[in-house]
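Descriptive analysis of the structure
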Amino acid sequence: MKVAEAVGRALSAAGVGHVFGVVGSGNFHLTNAMVAAGSRFVAARHEGGAATMADAYARMSGTVAGVSVHQGPGLTNAMTGIAEAAKSRTPLLVLAAEVTEPRSNFHVDQAALASAVGAVPVRITSAEDAVGQARAAVHRALHERRTVLLNLPLEVQALDVPDGVLTQAAPPPERAAVEPAPTDVAALAQVLERARRPVFVAGRGSRSPGARDALEALADRCGALLATSAVARGLFHGNPWSLDVSGGFASPMAAELIGSADTIVGWGCALNMWTTRHGRLIGADTTVVQVDDDPSALGAHRQVKVGVTGDVELTARRVLERYAGDAERQGCRTADTASAIAAGVRWRDVPYEDTSTRERIDPRTLSIALDDILPAERVIGVDSGNFMGYPSMYLSVPDENGLCFTQAFQSIGLGLATAIGAALARPDRLAVAALGDGGALMGAAELDTVRRLGLPMVVVVYNDDAYGAEVHHFGPHGHPIDTVEFPPTDIAAVARGYGFEAVTVRTRTDLKAVEDWVAGPRSAPLLVDAKVVRDRGAWWLEDAFRGH
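Residues numbered from 1 in each chain as written. Predicted model: local features only at pLDDT ≥ 70, side-chain atom pairs only at ≥ 80, totals over all residues. Heavy atoms only, no water.

**Concerning the overall build of the protein**
Looking only at helices and strands, the protein has 22 helices and 18 strands in total. Here the C-alpha radius of gyration of the protein, 24 Å, is about what a compact globule of 548 residues would show, namely 24 Å. For the protein, the spread of C-alpha atoms along the three principal axes comes to 70 × 65 × 45 Å. Within the protein, the proportion of its 548 residues that are buried is 57%. Contacts in the protein between residues at least 24 apart in sequence constitute 77% of all its contacts with a sequence separation of at least 6. For the protein, the accessible surface area stands at approximately 21,100 Å², while carbon and sulfur atoms represent 51% of it. Within the protein, one finds 50 positive and 62 negative side-chain charges whose respective centroids are separated by 2 Å. (Helix = DSSP H or I, 4+ residues; strand = E, 2+ residues; numbered from the N terminus. Rg over C-alpha atoms; globule rule 2.2 N^0.38 Å. Buried < 20%, exposed > 50% of the residue type's maximum accessible area, 1.4 Å probe, protein only. Contact = heavy atoms within 4.5 Å. Areas by Shrake-Rupley, 256 points an atom, 1.4 Å probe, with all protein chains shown as cover. Lys, Arg positive; Asp, Glu negative; His and termini not counted. Charge placed at Lys NZ, Arg CZ, Asp CG, Glu CD.)

Written as structure tokens, this is what we have:
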């Protein structure tokens, strides 16, 4: 058996059940070996799409996913998706063929490419060690929550492996939850005992039913309000004390209540500039606490009074044990606060002036209508751009697995691939891809992947015929913006060419076609080319550009 086949079988045995990619000569045998061993291969039309699909699949399934690419240009094509995954600490395994001869036209320093974007480069070095090295790469991706580039030199792939090597192949053990130190638990409990207006902000490290239950129980005990970062949106869906998302996406009511907190606890949450509005949601006298199972994350973005190294669920339960026998405290949970949250914490409940015309629809009006039309059981993938806050916040999600938010690198063009990966991880839900026209056209090749896989997906394009973020950032200052504006494009016609059903939406009544599709057999995916108004930048845009 050749190394390529042995490694492919070992990766499948180690739990890499889905692999995304574009197959070339260098990764042909490896990919086929994984398929033969039981892994599912999803062919993308571009390696960048494949990397993002795998990233989204790993996030929404909780497993290590694979990306299979050709040596050299196959890897460089995938680098933006790999950078997003690496910055998000997604457990992902990039399988790249490699040439080691510098005179080859395929030669690049692939290890340096990985390191440059924060991924971990490793290499298969011998036939004897190939299976063990492959298994170690899966272990590292899972246990360190890292994106790992596994380089497979062509000359090593062609070697014969010794007999019995595959007996080493087995899934790595589950990642153990980090138990918090008793002294840290006591310190956090003391902070909460003194708090009068506590707010919990849950992030990526809280995205599990067990963590949600533990945090809600502790919040009930100490009277805390509940919020999330964007990547954990939906975690507290249905809780009457939920403020939804903290940060630039927060509604005015949510921002007011978070800003008035005397104690903020970040649970598996970085408390970075996006989640805190560059610190403006944290008062000068607010006590800040951070809980994370990675000690290097504590205080990385802002100074904290108490830092706890521990698993979110375990830490919350340990702190709750200290409250045993104590009565629940009111904290922020007054009747007035309850009324305010019920009436105005959702963006769709905030009054606005509808600027729709006969030719273009207000993105708020569009998003509210879609929220009512589309099934509640949904998973949403969102691209980046001026429009992104509308689908992210106006479309509700049923839980923490309802929004796949690939925005750590802030690249446009990833949204469609994100939704494809999320759809494959959650086939029980309607997948919704929310894109701007720029990102939609960048990633249009993957419309073929949607159609080929038979995904009953809705693709919504917020089409303002421009890169809206730049239009609204530079235009008001008198700068020429012709470089970021484009002639109208009939994106609905493009989608029909790929086998989609499609509708152009200019007014609310045009959405009847979406209602009909939802009620019908959904035998083909649907694209909504929504011509949205261009008269204003999104509310979060000013905050976003402060980070540039």
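Read on, since the account is not over.
**Observations concerning the pairing of strand β3 (residues 65-69)**
Counting buried positions along β3 yields 5 of 5 residues, so the element is predominantly enclosed. Summarising the sheet, strand β1 (residues 18-21) and β3 pair through 3 bridges and their orientation is parallel. In the sheet register, Gly21 faces β3, and the bridge partner there is Ser68. Pairing of β3 with strand β4 (residues 92-98) involves 5 bridges; the strand directions are parallel. Bridged to Val67 within β4 is Val94. (Pairing = 2+ DSSP bridges.)

**Concerning unusual backbone geometry**
Non-glycine residue His278 carries a positive phi angle of around 55°. Position of His278 relative to the elements: it lies in the loop between α11 (273-276) and β11 (287-292). Take His278: its relative accessible area is 28%, and that puts it in the partly exposed class. Not every positive phi belongs to a glycine, and Arg522 is a case in point at roughly 55°. Mapped onto the elements, Arg522 comes out in the loop between α21 (512-519) and β18 (526-531).

**Concerning the sheet that holds strand β12 (residues 306-309)**
Here we have 6 strands laid out as an open sheet, ordered β9-β8-β7-β10-β11-β12, and parallel in their pairing. Only two strands of the sheet have a single neighbouring strand rather than two, namely β9 (242-245) and β12. The average undirected angle you get between the axes of adjacent strands in this sheet is 15°. Summarising the sheet, strand β8 (residues 225-228) and β9 pair through 2 bridges and their orientation is parallel. The partner of Leu226 across the bridge, within β9, is Ser242. (Axes fitted to C-alpha atoms, helices over the stretch in contact; angles between N-to-C directions.)

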